[in-house]
Amino acid sequence: MAEKDPQLSQRQLARDTGLDVTTINRLFTNNFSRVDVSTVETLCNYFGRTVGDLFEMRDPQDIPQRRTKKQAQVNEEAA
């Protein structure tokens, strides 16, 4: 996002592409488990990039694990 326009907000991207702002936020914060092909196609076309430019594969151990609120609460109580 920052490469295309450093001032581009998630809301503006949603308006420009027709994608839901929640979808964009999840992608931006790396808080997703799957992506629809139409979403990938829309973003590739918008940014003029290929799929490999938008996403990169990382080792699972290098990706911070998402925790639910309940998991975080249990961990805090245990500490």
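Calculation notes
Residues numbered from 1 in each chain as written. Predicted model: local features only at pLDDT ≥ 70, side-chain atom pairs only at ≥ 80, totals over all residues. Heavy atoms only, no water. Helix = DSSP H or I, 4+ residues; strand = E, 2+ residues; numbered from the N terminus. Polar contact = N/O pair within 3.5 Å; in protein donor to acceptor, adjacent residues only side chain to side chain. Contact = heavy atoms within 4.5 Å. pLDDT = per-residue confidence, 0-100. Buried < 20%, exposed > 50% of the residue type's maximum accessible area, 1.4 Å probe, protein only.

## What to know about the side chain of Thr 17
Here is step 1: Tracing the backbone shows Thr 17 in helix α1 (residues 10-17).
Here is step 2: Within polar-contact distance, the side chain of Thr 17 engages the backbone oxygen of Leu 13 at 2.7 Å.
Here is step 3: Non-local contacts of Thr 17, meaning those with residues more than four positions away in its chain, are made with Ile 24, Thr 42 and Tyr 46.

## Topic: the confidence of the model for the chain
Here is step 1: When pLDDT is averaged along the chain, the result is 82, and 75% of the positions lie at 70 or above.
Here is step 2: Confidence, read as mean pLDDT per element, is least for helix α5 (residues 69-78) in the chain (64) and greatest for helix α3 (residues 37-47) (96).

## Some points on the environment of Thr 17
Here is step 1: Here Thr 17 falls in the buried class, since its relative accessible area comes to 17%.
Here is step 2: Sequence-wise, Thr 17 and Thr 39 are 22 residues apart; in three dimensions their C-alpha atoms are separated by 9.2 Å.
Here is step 3: There is a polar contact of 3.2 Å between the side chain of Thr 17 and the backbone nitrogen of Leu 19.

## So, unusual backbone geometry
What you tend to see is this: most non-glycine residues have negative phi, and most peptide bonds are trans.
Here is step 1: In this structure, Asn 30 is a non-glycine residue whose phi angle is positive, near 60°.
Here is step 2: Among the structural elements, Asn 30 can be located in the loop between α2 (21-28) and α3.

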